[in-house]
Protein chains: 2
Amino acid sequence: MHSKRIKNLQKFIGASGLDKVLITDKDDIYYYTGYRILNNCPAFLIIDAISRPMLLVSPLDNEAETLTGVGVFLMQKTKDLLNALKNSKTIGYDEHHLTADLFLKLKKSNLKLKSAADIIKKPRSIKDEEEIKQIKHAIKITRKVFGNLEIYSKSEIEVAHEIETSFLESNATSAFSPIIASGPNSYFVHHVPANRKIKNNDLVIIDIGARFNHYCSDITRTFCLKPCQQEKKIYMDIIEIQGKIIDKIRDGVRFNEIQKFYEACLKRKKYKPFHGFGHGIGLSPHESIKGKLKKGMVITIEPGIYIKGFGGCRIEDMILIKKNKPEVLSKNIVN
Amino acid sequence: MHSKRIKNLQKFIGASGLDKVLITDKDDIYYYTGYRILNNCPAFLIIDAISRPMLLVSPLDNEAETLTGVGVFLMQKTKDLLNALKNSKTIGYDEHHLTADLFLKLKKSNLKLKSAADIIKKPRSIKDEEEIKQIKHAIKITRKVFGNLEIYSKSEIEVAHEIETSFLESNATSAFSPIIASGPNSYFVHHVPANRKIKNNDLVIIDIGARFNHYCSDITRTFCLKPCQQEKKIYMDIIEIQGKIIDKIRDGVRFNEIQKFYEACLKRKKYKPFHGFGHGIGLSPHESIKGKLKKGMVITIEPGIYIKGFGGCRIEDMILIKKNKPEVLSKNIVN
């Protein structure tokens, strides 16, 4: 599995004119090697167009020495990385996962660098069968958690903790900090759960995701037990907009085109866009997508309406992109 | 509280010759503003020596607009950041929390940049009373979890999930992925919990931490129900070395000096050093410490012995640095 992924990347490296790539995103390292580096620990995966990849890790990651398929080296200092890279021609690096500090150290060693996050992440954007299976399981767990959820008369923090506990009971962890935003807090897109008690007539945005066997789900539902007219209206508007977006999506459509369409839908109904219509998902809950949507990508569709002083509403589903109509993976989740 | 912290930083900015600093570490932004930015969301805090700080966030962080004490601006594009910085003289940036991508964009705008992580993080290294209270509570929760822990005949993953559930029951979350490393796996310093069942005669390293009200604990114990001679010996050696390190620590001693002493202790007993003797801790489970240890710093002391093909042993405690003898905050935790 990993050797297939590496070969896929090597094809892109060969076509790019790069000599090799320096991979620093921990999710990418896991994707290409199956080895999970903890945060805060330096690790570098170097892949060229033909040779065996080389993984440099700190002695804290001595378990990497059990890997086959990649050459593993325990490094003590940055100098070990510089030595591994010397005599390279152009090195592609991940501009979003390399610190300015390290970038300058590489520059100082007269290495020729070129940003290459798009190349490094290209194989990862299309999910293989095994990955889709894990993602589906992460969704299944989230479906169960939503199904058992009771939120009223509890505080946002209590609900968040109950959700995280339910994930653990299903052998998963929380893929990101749950967003539980009730009443006026639902206006705040990235609200951190607070002590506010949830009431019957609140709009309550619940934006959660499970991480199962490294793969993430990211699903949002908005609840309101006793909605007023306006609450009903924005809820129905969101459902309508989400449906329209999903109808537009298929292999070959540009991501930006869908974003423009989403913003136009909101504006037509006199709402202000606060965020993108969705994002890629897989090993990371947020994976960036550029250019065209392609068969085998998994993305979320999360239109949101936010009205200052009133509240907000957001629905987020996960879909698998196909040649024609996409498959909605997160079907049959409450609401 | 935040205005005191900002004033403290402004004093350092004034003395440094910098015009202003650009803060990009989410923990630093929380420290100076009380506002928590979720991962994956861009945010920039700009502080100069005299003016009101300026916080630039994405529209997803519209809740930041409720902040007082800082000017909050919703930004749409990198251009908004470049505009906010133009006409600055030298800008100090956090070289460990700025991506190469953004660094190059700032450079292209002819901004004069200077690495300044040390200045930005200097106030945070000394914990105030309120912070120590939160840290002590995070330790208290971890003590309780260790006290109730039953590990034998369970898999490493099961133990990890039970620990994370216990944290949630105490209104905390896991500060980092728990390390549960049993038997031969205990040789692997950053072992990710696996399906291996824990046996009576295993060395079992349990390295866990709670995050309570944003503050972290990080504590390690090594268990062995039926230790053999060698297991007993390395355990006693670790206890002895940890005691010696703690005896050396007081206000004014250099961090590097302690590291050298630790490595010498290990070598005298013919063990190989695999990692540092400890690290700072607070809003982040790992905070870097440079230069001298100072009164009010909280650090961990975590000597470890690892023998290939046999296993490992690590004990980690948290201490508060004082003028003379430090205070061990994680006393009375099992073992």
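Our subject is the structure listed above.
As the structure is a computational prediction, the values presented were derived from the model and not from experiment.

Chemist: Would you mind showing me how to read the interface of chain A and chain B here?
Modeler: Accessible area lost when the parts come together is the quantity often used to give the size of an interface. Counting from both sides, the interface comprises 39 residues of chain A and, opposite them, 39 residues of chain B. For the pair chain A and chain B, the summed buried surface comes to about 3600 Å²; carbon and sulfur atoms form 62% of the total. For the chain A face of the interface with chain B, the top three residues by lost area are Leu60, Leu168 and His190 of chain A, together amounting to 18%. Where chain A meets chain B, there are 14 residue pairs in polar contact (both at pLDDT 80 or more). Looking at the side of chain A that touches chain B, the elements that each hand over two or more residues are helix H4 (100–108) and helix H7 (156–169) of chain A. Classifying every residue of the side of chain A that touches chain B by side-chain character gives 17 nonpolar, 14 polar and 8 charged.

Chemist: Just to check I follow, could you spell out the packing of aromatic side chains for this structure?
Modeler: A ring pair, where both rings are aromatic, is described by two values, the distance of the centres and the angle of the planes. All chains considered together, the criterion is met by 15 aromatic pairs over all chains. Ring-pair connections join several aromatic residues into one group, and the members of that group are Tyr93 and Phe103 of chain A together with Tyr93 and Phe103 of chain B. In this structure, Lys11 of chain B is placed above the aromatic ring of Phe12 of chain B, and the distance from its NZ or CZ to the ring centre is 5.7 Å. The ring centre of Phe261 of chain B lies 4.8 Å from the NZ or CZ of Lys248 of chain B, which sits over that ring.

Chemist: I tried to follow the sheet that holds strand S10 (residues 210–212) of chain A on my own but got confused; where do I start?
Modeler: Backbone-to-backbone hydrogen bonds pair the strands of a sheet. The strands run either parallel or antiparallel. All names here are of chain A. Across the sheet, which stays open at both edges, the 3 strands sit in the order S7-S10-S11 with antiparallel pairing between neighbours. Of all the strands in the sheet, just strand S7 (173–174) and strand S11 (215–216) have a single pairing partner and so form its edges. Relative to S11, S10 runs antiparallel, the two sharing 2 bridges. Across the sheet, residue Phe212 finds its bridge partner in S11, namely Tyr215.

Chemist: Mind showing me how you'd approach the sheet that holds strand S5 (residues 90–93) of chain A here?
Modeler: Residue and element names in this part refer to chain A. Pairing is mixed across the open sheet formed by 6 strands, whose spatial order is S4-S3-S2-S1-S5-S6. Every other strand in the sheet has two partners, leaving strand S4 (71–74) and strand S6 (112–115) as the edge strands with one partner each. Recorded for the sheet is a direction-independent mean angle of 25° between the axes of neighbouring strands. In this sheet, S6 lies alongside S5 in parallel orientation, the contact comprising 4 bridges. Pairing of Thr90 across the sheet is with Lys112, part of S6.

Chemist: I would appreciate a short explanation of the relation of the copies chain A and chain B in the present structure.
Modeler: Both copies of the chain are related through a single rotation about an axis accompanied by a shift along the same axis. In the superposition of chain A on chain B (RMSD 0.0 Å, axial shift 0.0 Å), the rotation amounts to 180°. Taken together, the turn and the small shift mark the pair as related by a two-fold rotation axis. When the interface residues of chain A are mapped onto chain B, 100% of them are again interface residues, pointing to one common binding face.

Chemist: How do you make sense of the environment of Lys308 of chain B when you look at a structure like this?
Modeler: Its location among the elements puts Lys308 of chain B in the loop between strand S14 (304–307) and strand S15 (311–314). For the pair formed by Lys308 of chain B and Phe188 of chain B, sequence separation is 120 residues and the distance between their alpha carbons is 8.9 Å. Not counting the four nearest positions on each side in its chain, Lys308 of chain B is found in contact with Glu65 of chain A together with Tyr187 of chain B.

Chemist: Would you mind going over helix H5 (residues 117–125) of chain A with me for this structure?
Modeler: Counting along an α-helix, one turn takes 3.6 residues, and residues three or four places apart therefore face a common direction. Residues and elements named next belong to chain A. Where H5 is concerned, the buried positions are Ala117, Ile120, Pro123 and Arg124. An end-on view of H5 places all buried positions within 150° of arc, on one side of the element. The inward-facing, buried residues of H5 contact helix H1 (2–16), strand S1 (20–23), helix H2 (26–33), S5 and S6.

Chemist: Help me understand the pattern of salt bridges in this model?
Modeler: Where charged atoms of side chains with opposite charge meet at close range, the side chains can pair. Residue and element names in this part refer to chain A. One pass over the structure, following the stated rule, counts 44 salt bridges over all chains. Linking Arg5 and Asp128 is a salt bridge whose minimum nitrogen-to-oxygen distance equals 3.3 Å. Of this pair, Arg5 sits in helix H1 while Asp128 sits in the loop between H5 and helix H6 (129–148); the two residues are 123 residues apart in sequence, bridging distant segments of the chain. Since its relative accessible area comes to 6%, Arg5 is described here as buried. Between Lys136 and Glu327 there is a salt bridge, with the nearest N and O atoms lying 3.8 Å from each other. Note that Lys136 is positioned in helix H6 and Glu327 in strand S17 (residues 327–328), a separation of 191 residues in sequence. Overall, Glu327 belongs to the partly exposed group, its relative accessible area being 27%. Each member of the salt-bridge network shares a partner with another, and the members are Asp25, Asp28, Asp94, Lys121, Arg124, Lys127 and Glu287.

Chemist: Sorry if this is basic, but what is going on with a positive patch on the surface here?
Modeler: Taken together, the side chains of Lys11, Lys122, Arg254, Lys292 and Lys294 of chain A define a basic patch exposed on the protein surface. Here Arg254 of chain A falls in the partly exposed class, since its relative accessible area comes to 42%.

Chemist: How should the packing of helix H3 (residues 78–85) of chain B against helix H4 (residues 100–108) of chain B be read in this particular structure?
Modeler: Packed helices, taken two at a time, are described by the angle between their axes plus the distance between the axes. All names here are of chain B. The contact between H3 and H4 brings their axes to 11 Å, and the two run at 50°. What the angle tells us is that H3 and H4 run oblique. Considering only the axes of H3 and H4, their crossing is right-handed. Here Thr78, Leu81, Leu82 and Leu85 of H3 come into contact with H4, specifically with Leu102, Lys105 and Leu106. Considering only residue class, the contact of H3 with H4 consists of 5 nonpolar, 1 polar and 1 charged.

Criteria and cut-off values
Residues numbered from 1 in each chain as written. Chains lettered and ligands numbered in written order. Predicted model: local features only at pLDDT ≥ 70, side-chain atom pairs only at ≥ 80, totals over all residues. Heavy atoms only, no water. Contact = heavy atoms within 4.5 Å. Buried area = accessible area lost by both parts, 1.4 Å probe. Polar contact = N/O pair within 3.5 Å; in protein donor to acceptor, adjacent residues only side chain to side chain. Helix = DSSP H or I, 4+ residues; strand = E, 2+ residues; numbered from the N terminus. Nonpolar A, V, L, I, M, F, W, Y, C, P; charged D, E, K, R; others polar. Phe/Tyr/Trp six-rings, centres within 6.5 Å; stacked < 30°, edge-to-face > 60°. Lys NZ or Arg CZ within 6 Å of the ring centre and 35° of its normal. Pairing = 2+ DSSP bridges. Axes fitted to C-alpha atoms, helices over the stretch in contact; angles between N-to-C directions. Least-squares fit on C-alpha atoms with pLDDT ≥ 70 in both. Buried < 20%, exposed > 50% of the residue type's maximum accessible area, 1.4 Å probe, protein only. Arc of directions from axis to C-beta. Salt bridge = Lys/Arg side-chain N within 4 Å of Asp/Glu carboxyl O. Patch = residues over 30% accessible without salt bridge, like charges linked within 9 Å, V, L, I, M, F, W, Y side chains within 5 Å. Areas by Shrake-Rupley, 256 points an atom, 1.4 Å probe, with all protein chains shown as cover. Lys, Arg positive; Asp, Glu negative; His and termini not counted. Charge placed at Lys NZ, Arg CZ, Asp CG, Glu CD. Parallel < 35°, antiparallel > 145°, perpendicular 65-115°, else oblique. Left-handed = near helix turned anticlockwise from the far one by under 90°.

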